[in-house]
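Examination of the molecular architecture
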Amino acid sequence: MTSRYVRTRDWKIHYHEVGEGHPLVLLHGGGPGATGWSNYSPNIEALARNFRVIAPDMPGWGDSDAADFATLDHVEAATQLLDALGIDKAAFVGNSMGGHTSLRLAVERPERVSHLVTMGPPIQMKPFLFGAGGGPTEGLKIMFETYSDATPEGMRRLVEIMVYDKARFATPELCQERSDAALARPEHLRAIAAAAPKAPIPIWLDLAAVSGITAPALLIHGRDDRVVSFESTLFLAANIPDSRAVLINRCGHWAQLEHADEFNRLVTDFVLHH
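The structure presented is a predicted model; accordingly, all values stated were derived computationally and were not measured.

**Structural notes on empty space enclosed by the protein**
- With the rule as written, the count across this model stands at three cavities of 30 Å³ or more.
- Empty space within the largest cavity amounts to approximately 110 Å³.
- In terms of lining residues, the largest cavity is bounded by 14 residues, among which Pro122, Leu140, Met143, Pro200 and Ile201 are the most central.
- Ranked by residues supplied to the lining of the largest cavity, first place goes to helix 5 (residues 138-148) with three residues.
- A per-class count over the lining of the largest cavity returns 11 nonpolar, two polar and one charged.
- A volume near 90 Å³ is recorded for the second largest cavity.
- Gly33, Trp61, Gly62, Ala182 and His188 are the residues nearest the centre of the second largest cavity, which is lined by 13 residues in total.
- Elements with a minimum of two residues in the lining of the second largest cavity: helix 8 (172-183) and helix 9 (186-195).
- Of all the elements, helix 9 adds the most residues to the lining of the second largest cavity, at three residues.
- For the lining of the second largest cavity, the per-class residue count stands at seven nonpolar, five polar and one charged.

This is the structure in structure tokens:
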């Protein structure tokens, strides 16, 4: 009953919507099988008690239109979604790729962002001071491999590196669900695989502009994230003027899933009271 479609200028976008109040847009990550629902299923109902929650499948994922990753601009897609839904300004909550998009929005379209919440956002492909050398992280390498092998076994390798507590979260049911979602839209997988490593983020954040972000920012990161080092959040916390960082032990790349209750409380309190 929450499933919707909207036609923007360039795309037909599928999204889930529930609740009333200030708009809260949940942007998913860039892994195969990712959707607004799969990335935020333990959060949507809780957050909708206070907000108008919108969880889209971005172009190139889920039930939304396919995308050309040579030209795709995630910020433009998010802005077109707001325009189509008649939303002037929203709180943006982004995991991984969605966090990167939210950061770019806060830099490039500050008038559309009331609050900024990120979980494990990549902000550059090269290592930071404490990150491992040799290019993409272990988690990103496995993610790229899964675009070409989205079978349940391939998805199991991906889910296991995304989480800290494998026994609880890397279940056969979740791996099968993510595999089914990915294989249902093979054109999405082919488009990303063909454009890798440029995809799934063709346009990168200007790190020099981060200190100009005016939106209040809540930066959440798992201490045990093997996809994006928590060092990225330390950099953001040091440079975004109105920011606070929450580093969670025993937590991987999906803080909103592994620590859903705490995440829901943090986001609700931050957006309501800041």
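Here the narrative resumes, following the displayed structure.
**Points about the sheet that holds strand 5 (residues 90-95)**
- Reading across from one edge, 1-2-4-3-5-6-7-8 is the order of the eight strands in this open sheet, with mixed pairing throughout. The sheet is open, and its two borders are formed by strand 1 (3-7) and strand 8 (243-248), each paired with just one other strand. Between one strand and the next, the sheet's axes are offset by a mean angle of 20°, whatever the strand orientation.
- Pairing of strand 3 (residues 23-27) with strand 5, which is carried by four bridges, proceeds in the parallel orientation. Across the sheet, the residue bridging to leucine 27 is glycine 94, located in strand 5.
- Its contacts with the sheet place helix 3 (residues 74-85) against strand 1, strand 2 (12-18), strand 3, strand 4 (52-56) and strand 5, and it is angled at close to 100° to strand 1.
- Along the sheet, helix 4 (residues 97-108) contacts strand 3, strand 5 and strand 6 (113-119); its crossing angle with strand 5, the most-contacted strand, is approximately 145°.

**As for the packing of aromatic side chains**
- The tally for this structure, following the rule as stated, stands at two aromatic pairs.
- With centroids separated by 5.6 Å and ring planes inclined at 85°, the aromatic side chains of tryptophan 61 and phenylalanine 69 adopt a geometry described as edge-to-face.
- Given the relative accessible area of 2%, phenylalanine 69 is considered buried.
- Measuring from ring centre to ring centre gives 6.2 Å for phenylalanine 144 and tyrosine 147, while their planes differ by 45°; the resulting arrangement is tilted. Residue phenylalanine 144 and its partner tyrosine 147 are both found in helix 5; the two are separated by three residues, about one turn of the helix. As far as burial versus exposure is concerned, phenylalanine 144 and tyrosine 147 are alike and both buried.

**A word on helix 6 (residues 152-162)**
- Buried within helix 6 are the following residues: Gly154, Met155, Leu158, Val159, Ile161 and Met162. Across the axial projection of helix 6, the buried residues extend over an arc of 165°, all falling on one side.
- The secondary structure elements touched by the buried residues of helix 6 are helix 5, helix 7 (166-169), helix 8 and helix 11 (255-258).

**Looking at unusual backbone geometry**
- Geometrically, the link from alanine 196 to proline 197 is a cis peptide bond, its omega value of 5° lying close to zero.
- Across the junction of alanine 199 and proline 200, the peptide omega takes the value 10°, indicating a cis bond.
- Inspection of the secondary structure puts proline 200 in the loop between helix 9 and strand 7 (217-222).
- Residues other than glycine seldom take positive phi values, yet arginine 250 does so here, at roughly 55°.
- In this structure, arginine 250 sits in the loop between strand 8 and helix 11.

**Side note on the environment of aspartate 180**
- Counting through the fold element by element, aspartate 180 comes out in helix 8.
- By relative accessible area, which is 43% here, aspartate 180 ends up partly exposed.
- For the pair aspartate 180 and glycine 33, spaced 147 residues apart in sequence, the C-alpha to C-alpha distance is 7.5 Å.

**Some remarks on the state of the cysteines**
- One pass over the structure, following the stated rule, counts zero disulfides.
- This cysteine, cysteine 175, is not joined by any disulfide, and cysteine 251 carries the nearest cysteine sulfur, 18 Å off.
- A relative accessible area of 0% means that cysteine 251 is categorised as buried.

Calculation rules
- Residues numbered from 1 in each chain as written.
- Predicted model: local features only at pLDDT ≥ 70, side-chain atom pairs only at ≥ 80, totals over all residues.
- Heavy atoms only, no water.
- 1 Å grid on protein atoms, 1.4 Å probe; cavity = no way out; pocket = protein on both sides within 12 Å on 5 of 7 lines; lining within 4 Å.
- Points joined across faces, edges and corners; volume = space filled by probe spheres on them.
- Helix = DSSP H or I, 4+ residues; strand = E, 2+ residues; numbered from the N terminus.
- Nonpolar A, V, L, I, M, F, W, Y, C, P; charged D, E, K, R; others polar.
- Pairing = 2+ DSSP bridges.
- Axes fitted to C-alpha atoms, helices over the stretch in contact; angles between N-to-C directions.
- Contact = heavy atoms within 4.5 Å.
- Phe/Tyr/Trp six-rings, centres within 6.5 Å; stacked < 30°, edge-to-face > 60°.
- Buried < 20%, exposed > 50% of the residue type's maximum accessible area, 1.4 Å probe, protein only.
- Arc of directions from axis to C-beta.
- Disulfide = S-S within 2.5 Å.

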